[in-house]
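If you want the building blocks of each chain, they are given just below.
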Amino acid sequence: MSRLPVMSASKRVLTSTSSSGSENGQDLAPAQKRVRKDPESVKPQAAATIIGGKRPAVAATRAPLCKLLSKPDCHNLCLCVTHERPKMHRGVMKPSMASTAAKGGNTKQPVASTGTKAGGGAAPRRHAWDLKGKVSDMEGKLRNYQTKVKSVNQENEVLKDSMTQSRTRVGQMEKELVKQRNQISEYEEELTTLSGVRDELEKVSSDKSTLQKELSNLEGKYKVMETLRDSQETELQTLKMKLSVQESTLARVQATLRDTEEEVRGLKETVAQQEDELHAGEMERRRLHNTIQELKGNIRVFCRVRPLVDGGLSKHLQLPASDNKMITLAKTEESHTGKTADTQKNYNFSFDRVFGPQASQHEVFEEISLLVQSALDGYNVCCFAYGQTGSGKTYTMEGDEFDETRGVIPRAVKQIFKAAEKLAAQGWEFTFTASFVEIYNESLRDLLYTGKANKRPEHEIRKSANNEVTITNLTYEKVSNEDQVLGLIDLANQNRSTAQTAQNDRSSRSHSVFQLDIEGVNSGRDVKCKSTLCLVDLAGSERMMKSQSQGERFKEMTAINTSLTNLGIVIAALANKESHVPYRNSKLTYLLQACLGGNSKTLMFVNIAPETDSLGETLNSLRFASKVNACVIGTASANRKLS
């Protein structure tokens, strides 16, 4: 029979002794020897013995030892068995010596190898064939071991409970430790605060001393202020008396103010009424002004005679001093036979106004200023100069750069802007758009073009559905004052085609047309107006023999004379009231169709040269002007409408 190993000194020692005491001291060495001698007598069903540290197989008819124990007990027993194996010496197991403390504190002595009990009595040995007895002994030992395992489990439970309590206590101690640390932190913060309070207390003490000093100063000042208060109270009483006087005065002023406000309201009503009357008067002025212009004629013709180079007046021109509307051209005709004396034939012409050589630019413009005013009233206005080369057309229309010698175009622009400023007080707002075009060899050229000459765009005359004539690709400049317009005029003069001829050092080789589009709005009266001021400087008519034009000049002369001839044809058709008027025969007449067709107030200057050798051209110009003066093209209408 084998013995179980003894536990280490720190653990309890499990011995092979049973509860009866006699079995505990049994010597297993002889039995072991017997087993070695008679191996055949050992059956597989016999109890298991430990040989050489290995556990043999258990008989199938008997349940293993661990199965007789509960699961925890079996585990503990296996731990005890495998903890320390018995040492074998020559086939005899030597029990391991270990001293363990029992529950009561007694220490068990090591078991002797002779198989005797501790008291010295010998226990009876089992025969090798007494397997049942051996099994009974083993069962006794097993019960003893179960009792010990149960006690160990109970002790383990007690230790577990103790461990749980210890852990609970540790948790409580940790919480208490955290609480103590938090409290220490609070104490440290409070200490920091108290140190700051101490500094602040010192500062307050310092401030207290300072305030005490200030208090002493304030007490002194207070005494001074009391004295001032007494004087101020006396002054306040005086001011109260004055205030009562001012209040009575204010009451009188308020009463006067109410009366004044009533008067102002009455004056405002009067002003509004006067504004209405002023507007009505302006409308009446425009109507009467238009009536006067209509009575003077739809196409008015002014004649202007250029002075001679050396001054004076040519003998073949006669201007009656008493009549500023008559001019007489005296032509001497030679006798065809030579037997009779030369005869003189007079040609009398009557126009709306004739200006002699002494007439200034200001005097000429004063006569047409009312016509220019019509442009702001909403009427289309056209003014053009006609005459032979060198008769003073360009001087009449443009003049020089000095104020006294400025021509019709700059003076008209100046009057337009001055009148617009006056009308602004009545609620009118005007916008102006300027353009400048010339007709050169029956082609249109933009005189305000500033790009490269080889990239000039093509221009065409277009007529809209409402009979407005426009030019494609033309430069239209917004202008707001006189200086801007004068700058455009200077630019146009630089771009205009001129050349030297036998009759004029700087002859205009094209017709120039300046247009100023005017749009006016009176928001207070819901009235709008739109008109165009057209100022034309025609190229001079000339004869090839006198101008001696050749090459390109001859081509220009031909185009100029052709366009002027077409202008005469259009004038004749209008005078004869023909059903078809050939406006499209030339670019000039097509462009001036709106001015000649009736919906415009038109003025023509006929400029004549006083020289004797120009008598033929002068006669032709006066005859053409007479035809124009005889034309009745209808009444112009204002381009006004209510919003």
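Residues numbered from 1 in each chain as written. Predicted model: local features only at pLDDT ≥ 70, side-chain atom pairs only at ≥ 80, totals over all residues. Heavy atoms only, no water.

## Topic: the overall build of the protein
For step 1, the next point in the chain: Secondary structure summary: the protein contains 13 helices and 19 strands in total.
For step 2, the next point in the chain: Out of the 643 residues belonging to the protein, those deemed buried represent 38%.
For step 3, the next point in the chain: Here the analysis covers contacts within the protein between residues at least 6 apart in sequence; of these, 70% occur between residues at least 24 apart.
For step 4, the next point in the chain: Per element, the accessible surface of the protein, about 38400 Å² overall, is 53% carbon and sulfur. (Helix = DSSP H or I, 4+ residues; strand = E, 2+ residues; numbered from the N terminus. Buried < 20%, exposed > 50% of the residue type's maximum accessible area, 1.4 Å probe, protein only. Contact = heavy atoms within 4.5 Å. Areas by Shrake-Rupley, 256 points an atom, 1.4 Å probe, with all protein chains shown as cover.)

## So, the side chain of H459
For step 1, the next point in the chain: Within the element layout of this structure, H459 appears in the loop between β10 (443-446) and β11 (461-463).
For step 2, the next point in the chain: Under the relative-accessibility criterion, H459 is labelled buried at 9%.
For step 3, the next point in the chain: A distance of 3.4 Å separates a polar side-chain atom of H459 from the backbone oxygen of P457.
For step 4, the next point in the chain: Among all residues touching H459, those that are not within four sequence positions of it are L444, R445, D446, I471, T472, N473 and L474. (Polar contact = N/O pair within 3.5 Å; in protein donor to acceptor, adjacent residues only side chain to side chain.)

## Observations regarding unusual backbone geometry
For step 1, the next point in the chain: Even without a glycine there, the phi angle at N441 is positive, about 50°.
For step 2, the next point in the chain: Relative to the helices and strands, N441 is located in the loop between β9 (428-440) and β10.
For step 3, the next point in the chain: Backbone geometry at D526 places phi at a positive 55°, although glycine is not the residue there.
For step 4, the next point in the chain: Along the chain, the position of D526 falls in the loop between β16 (511-522) and β17 (527-537).
For step 5, the next point in the chain: On the accessibility criterion, D526 (41% relative accessible area) is partly exposed.

## Details of the UniProt feature "binding site: ATP" (unreviewed entry) in the protein
For step 1, the next point in the chain: As annotated in UniProt, the feature "binding site: ATP" (unreviewed entry) corresponds to G387, Q388, T389, G390, S391, G392, K393 and T394 in the numbering used here.
For step 2, the next point in the chain: When you line up the elements, Q388 lands in the loop between β8 (381-387) and α6 (393-397).
For step 3, the next point in the chain: With respect to the secondary-structure elements, G392 resides in the loop between β8 and α6.
For step 4, the next point in the chain: G392 has contacts with R306 and N607, leaving out every residue within four places of it along the chain. (UniProt positions renumbered as here; feature names shortened; annotations may be inferred.)

## Considerations on the pattern of salt bridges
For step 1, the next point in the chain: Applying the stated criterion across every chain yields a total of 13 salt bridges.
For step 2, the next point in the chain: The partner of R306 in a salt bridge is E611, and the shortest N-O contact between them spans 2.7 Å. Here R306, found in the loop between β3 (299-305) and β4 (317-318), pairs with E611, found in the loop between β18 (601-608) and α13 (615-629); they are 305 residues apart in sequence, far enough to count as distant.
For step 3, the next point in the chain: Notably, a salt bridge pairs R445 with E438, separated by 3.1 Å at the nearest N-O pair.
For step 4, the next point in the chain: Take E438: its relative accessible area is 0%, and that puts it in the buried class. (Salt bridge = Lys/Arg side-chain N within 4 Å of Asp/Glu carboxyl O.)

## Here's the deal with the nonpolar core
For step 1, the next point in the chain: Judged by nonpolar contacts, the single largest core of 50 residues is most densely connected at I327, F351, L596 and M604.
For step 2, the next point in the chain: The dominant element in this core, judged by the number of residues it contributes, is helix α10 (residues 552-575), at 7 residues.
For step 3, the next point in the chain: Counting 45 residues, the second largest nonpolar core, distinct from the first, contains V364, V381, C383 and A419. (Core = buried A, V, L, I, M, F, W, Y, C linked by side-chain atoms within 4.5 Å.)

## So, a nonpolar patch on the surface
For step 1, the next point in the chain: Nonpolar side chains collect at one region of the surface, where V224, M225 and L228 lie side by side and expose about 280 Å² of accessible area between them.
For step 2, the next point in the chain: Within the secondary structure, V224 sits in helix α4 (residues 131-296). (Patch = residues over 30% accessible without salt bridge, like charges linked within 9 Å, V, L, I, M, F, W, Y side chains within 5 Å.)

## So, the state of the cysteines
For step 1, the next point in the chain: Applying the stated criterion across every chain yields a total of 0 disulfides.
For step 2, the next point in the chain: Between C383, a cysteine without a disulfide, and C382, which holds the nearest cysteine sulfur, the sulfur-to-sulfur distance is 7.2 Å.
For step 3, the next point in the chain: By relative accessible area, C383 is classed as buried at 3%. (Disulfide = S-S within 2.5 Å.)

## Observations regarding a negative patch on the surface
For step 1, the next point in the chain: A contiguous patch of negative charge, built from E186, E188, E189 and E190, is present on the exposed surface.
For step 2, the next point in the chain: Relative to the assigned elements, E186 resides in helix α4. (Lys, Arg positive; Asp, Glu negative; His and termini not counted. Charge placed at Lys NZ, Arg CZ, Asp CG, Glu CD.)

## Re the confidence of the model for the protein
For step 1, the next point in the chain: Here the protein averages 76 in pLDDT, while 70% of its residues score no lower than 70.
For step 2, the next point in the chain: With pLDDT under 50 throughout, residues 502-506 is counted as low confidence; its partners more than four residues away or in other chains account for 16 contacts. (pLDDT = per-residue confidence, 0-100.)

## Here's the deal with the side chain of K393
For step 1, the next point in the chain: Considering the arrangement of structural elements, one finds K393 in helix α6.
For step 2, the next point in the chain: Here K393 is buried and forms no salt bridge, its nearest opposite-charge partner D537 lying at an N-O distance of 5.5 Å.
For step 3, the next point in the chain: Within the structure, the side chain of K393 is placed 3.1 Å from the backbone oxygen of Q388, a separation counted as a polar contact.

## Concerning the pairing of β10
Two faces make up the sheet, and in a regular strand the side chains alternate between them.
For step 1, the next point in the chain: Residue alternation in β10 divides its side chains into a buried set, L444 and D446, and an unburied set, S443 and R445.
For step 2, the next point in the chain: Of the pairings in the sheet, the one linking β9 to β10 comprises 4 bridges and is antiparallel in character. For Y440, the partnering residue across the bridge sits in β10 and is S443.
For step 3, the next point in the chain: With antiparallel pairing between neighbouring strands as the criterion, β9 and β10 make up a hairpin whose turn holds 2 residues, including N441 at a positive phi of roughly 50°. (Pairing = 2+ DSSP bridges.)

## Comments concerning the packing of aromatic side chains
For step 1, the next point in the chain: For the coordinates displayed, the defined rule picks out 8 aromatic pairs.
For step 2, the next point in the chain: Ring pairs connect the aromatic residues F417, W428, F430 and F432, which therefore count as one cluster.
For step 3, the next point in the chain: Residue placement shows R445 over the ring face of Y440; its charged tip is 5.9 Å from the ring centre.
For step 4, the next point in the chain: The ring of Y379 carries K601 above its face, with NZ or CZ at 4.6 Å from the centroid. (Phe/Tyr/Trp six-rings, centres within 6.5 Å; stacked < 30°, edge-to-face > 60°. Lys NZ or Arg CZ within 6 Å of the ring centre and 35° of its normal.)

## Section: the packing of helix α5 (residues 361-376) against helix α7 (residues 408-424)
For step 1, the next point in the chain: Viewed as axis vectors pointing N to C, α5 and α7 meet at an angle of 45°, and their least axial separation amounts to 9 Å. Between α5 and α7, the interaxial angle falls into the category oblique. In terms of crossing hand, the pair formed by α5 and α7 is right-handed. Together, Q361, H362, F365, I368, S369, V372, Q373, A375 and L376 of α5 and V408, R411, A412, Q415, I416, A419, A420 and L423 of α7 make up the contact between the two elements.
For step 2, the next point in the chain: In terms of residue class, the contact of α5 with α7 is made up of 11 nonpolar, 5 polar and 1 charged. (Axes fitted to C-alpha atoms, helices over the stretch in contact; angles between N-to-C directions. Parallel < 35°, antiparallel > 145°, perpendicular 65-115°, else oblique. Left-handed = near helix turned anticlockwise from the far one by under 90°. Nonpolar A, V, L, I, M, F, W, Y, C, P; charged D, E, K, R; others polar.)

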